[in-house]
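Residue strings, one per chain:
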Amino acid sequence: MTKKIAILPGDGIGREVTAEAVKLIHVVAEAHGERWSLEEGLIGGSAYDATGNPLPEETVRLCRAADAVLLGAVGGPKWDQLPGDRRPEAGLLGIRKALEVFANLRPIQTWPGLLAASPLKRELVEGVDFIIVRELTGGLYFGEPKARLNGGEAVVDTLHYTRDEIRRVVRVAFDLAKSRRGRLTSVDKANVLESSRVWREVVEEVAADYPGVTVEHLLVDNAAMQIVTRPKTFDVIVTENMFGDILSDEAAVITGSIGMLPSASLGEKGPGLYEPVHGSAPDIAGQGLANPLATFLSVALMMRHSLQLPHAADAIEQAVYGVIERGVRTRDLARAGEAFVKTAEVSAMVCEDVQRRLG
Ligand SMILES: NC(=O)c1ccc[n+]([C@@H]2O[C@H](COP(=O)([O-])OP(=O)(O)OC[C@H]3O[C@@H](n4cnc5c(N)ncnc54)[C@H](O)[C@@H]3O)[C@@H](O)[C@H]2O)c1
Ligand SMILES: CC(C)[C@H](C(=O)O)[C@@H](O)C(=O)O
Ligand SMILES: [Mg+2]
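Here the structure is a predicted model, which means the values were calculated and not measured.

Enquirer: If you had to explain the domain arrangement of the protein to someone new, which residues and values would you point to?
Expert: Parsing the protein into structural domains produces domain 1 (1-102 + 265-359) and domain 2 (119-255). Placing the centre of domain 1 and that of domain 2 at their C-alpha centroids yields a distance of 25 Å. With three residues, the single largest contributor to the side of domain 1 that touches domain 2 is helix α4 (residues 88-98). Considering only residue class, the side of domain 1 that touches domain 2 consists of four nonpolar, one polar and three charged.

Enquirer: Which residues make up the site of ligand 2, and what are the values?
Expert: Around ligand 2, a shell composed of G75, E89, L92, L93, D245, V277 and G279 is seen. For the shell around ligand 2, the element with the highest residue contribution is α4, accounting for three residues.

Enquirer: I'd like to hear about the confidence of the model for the protein, residue by residue, with values.
Expert: Of the residues in the protein, 100% have a pLDDT of 70 or more, and the chain-wide mean is 97. Here the predicted complex carries an ipTM of 0.99, next to a pTM of 0.97.

Enquirer: Which residues make up helix α1 (residues 13-31), and what values do they have?
Expert: Compared with an ideal rise of 1.5 Å per residue, which puts 19 residues at 27 Å, α1 spans 28 Å between its outermost C-alpha atoms and is within 8% of the ideal. The set of residues buried in α1 consists of I13, G14, E16, V17, T18, E20, A21, L24, I25, V27 and V28. Looking one or two residues beyond α1, the residue adopting positive phi is G33, at roughly 65 degrees.

Enquirer: For the pairing of strand β2 (residues 37-40), give the residues involved together with the corresponding values.
Expert: In the sheet, strand β1 (residues 4-10) pairs with β2 via four bridges, with the strands oriented parallel. In the sheet register, A6 faces β2, and the bridge partner there is E39. Viewed along the sheet, the connection from β1 through α1 into β2 turns out right-handed.

Enquirer: Residues and numbers for the UniProt feature "binding site: substrate" (unreviewed entry) in the protein, please.
Expert: When the UniProt feature table is mapped onto this chain, "binding site: substrate" (unreviewed entry) is found at R96, R106, R134 and D221. Sequence-wise these annotated residues cover 126 residues; spatially they are dispersed, their C-alpha atoms as much as 26.6 Å apart. Relative to the helices and strands, R106 resides in strand β4 (residues 103-109). On the basis of neighbour counts, which here come to 23 C-beta atoms within 10 Å, the residue R106 falls in the buried class. Residues in contact with R106, not counting those within four places in the same chain, are I131, I132, R134, S248, L261, S263 and V277. Counting through the fold element by element, R134 comes out in strand β5 (residues 129-135). Other than its neighbours up to four places away in sequence, R134 contacts N104, R106, T239, N241, G244, D245 and S248.

Enquirer: So what's going on with the packing of helix α11 (residues 310-325) against helix α12 (residues 343-358)? Which residues, and what values?
Expert: At a minimum axis distance of 9 Å, the contact between α11 and α12 shows a crossing angle of 135 degrees. Judged on the interaxial angle alone, α12 and α11 are oblique. Relative to α12, the crossing made by α11 is right-handed. Taking contact as the criterion, the partners of A312, A315, I316, Q318, A319, V320, G322 and V323 in α11 are, on α12, V346, M349, V350, D353, V354, R357 and L358. By residue class, the composition of the contact of α11 with α12 is eleven nonpolar, two polar and two charged.

Criteria and thresholds
- Residues numbered from 1 in each chain as written.
- Chains lettered and ligands numbered in written order.
- Predicted model: local features only at pLDDT ≥ 70, side-chain atom pairs only at ≥ 80, totals over all residues.
- Domains from an automatic or database assignment.
- Helix = DSSP H or I, 4+ residues; strand = E, 2+ residues; numbered from the N terminus.
- Nonpolar A, V, L, I, M, F, W, Y, C, P; charged D, E, K, R; others polar.
- Near = placed C-beta within 6 Å.
- pLDDT = per-residue confidence, 0-100.
- Expected span 1.5 Å × (residues − 1).
- Buried ≥ 20, exposed ≤ 12 C-beta atoms within 10 Å, placed from the backbone.
- Pairing = 2+ DSSP bridges.
- Right-handed = clockwise from strand over helix to strand, strands pointing away.
- UniProt positions renumbered as here; feature names shortened; annotations may be inferred.
- Contact = placed C-beta atoms within 7 Å.
- Axes fitted to C-alpha atoms, helices over the stretch in contact; angles between N-to-C directions.
- Parallel < 35°, antiparallel > 145°, perpendicular 65-115°, else oblique.
- Left-handed = near helix turned anticlockwise from the far one by under 90°.

Structure (C-alpha cells):
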C-alpha cells in the first residue's frame, strides 16, 4: 500500500539531513515495489521568509493528512530577533501541538564502535540503553500567561499541567518500561514545584497498574548528575517538557554526538512526528558536515511506529550500525586528526546497505 509522508526540512542542516533521508525513504519504498508520496512543507525560518508565518496552515493540513511526518530542524541567527510567536521555534512547537504528539521518545544507546567518541570513560558508557520519554505538548513551553509585563520590567512563563496530560505520558512510559527492563525513573523538582508534586502523585497512582515495574523518583538536578555517573542503570526516564529537553542533550554526550540521537513524537491517534534531537547547527550549515544518522535513525523509528515496517526499521538500524563499526566517521564523531566523510557520503553508504538488506 502506498504511504504518505510529509517532509518538513526547516532550516540550516535540517535541510541537508532531510534531503538525505528522502533518498533513504525512496530506497525502502522501492524495495517494497512501491512509490510513496513524499510531499514537502514549509516550517520555521524558511516558512517565515516565504509566508510571514513559521507554521503556515497549509503545512498543518499536509501533516494531518499524512501517515507520518519527518522534520529536520528549525531556527538560526537570522530569525533570533523576531517576536516569540514569529520565531522558527514557534513553528515547531505549533506542529507538535497541532498533531497532539504528547509523548516524545528519545532513545539513548551507545554503539560499540563509538565508545571512544564520548568524553566519558569507556566502562561507564559501554552498554548504555535507556529511553527518555519527554512530555511534549504541555508544561513550561505552553502554559499561559507567557508575557512581558509592566512595559517589559517583569515577565512570566507558566508551568501548567492537567492530571490527564501527566497521566497519558506517564502511561506511555510505564508501557515502555514493562516491555523493556521494568525500571521507570520519574524526574521532577518536587522539593520546590507544586506541578512536580502533582506529577509525582500521578506517577504513584499509575504505578498501581504496573506491579512489575520498579519506580524511582529523582529530583532533576540530581538526575542531571546521575545520568552521566551511572547511565547504565537507567531503563525509561519520564519527565516534564523542559526537563526532558535539557536532559536529552546532556545524554547525547554519552553516545558520542547529538548527531546520533533520533526521536519519535507520538499521540493517541494521527501521524507520528519524527525528528533528530539536534537543531539547525548554524555553525556548520551549508558545508556538508552534518551527521545525517540521527535523522536516519528517526526514519527507522517512523518505519517501526507509524508505517508498520519493523523489518525496514531493523535494516536501517543495522546499516547505521554497520557504517559505524567499519569506522566511517562524520566530523562530529571524528577524533582530532582523524579522517571524516561528508553528509552525502555516509548517506550513500547507508542507503546502499539498506537496499542490499531489503532487496
Ligand atoms: N528540533 C529542532 O528544530 C531544534 C533543536 C534544537 C535547537 N534548534 C535550533 O537550532 C539553532 C541552533 O541551536 P544550538 O546551536 O543550540 O543547537 P544545535 O543542536 O543546532 O547545535 C549544537 C552543536 O551540535 C552540533 N550538531 C548538531 N547537530 C549536528 C549534526 N547532525 N551533525 C554534526 N554536528 C551537529 C552543532 O554543530 C553545534 O556545535 C537554534 O535556533 C535552536 O533554536 C532546533
Ligand atoms: C528548538 C526547540 C524549540 C526544541 C525544544 O526545546 O523542544 C529543541 O531544543 C528540541 O529539543 O527539540
Ligand atoms: Mg532540545
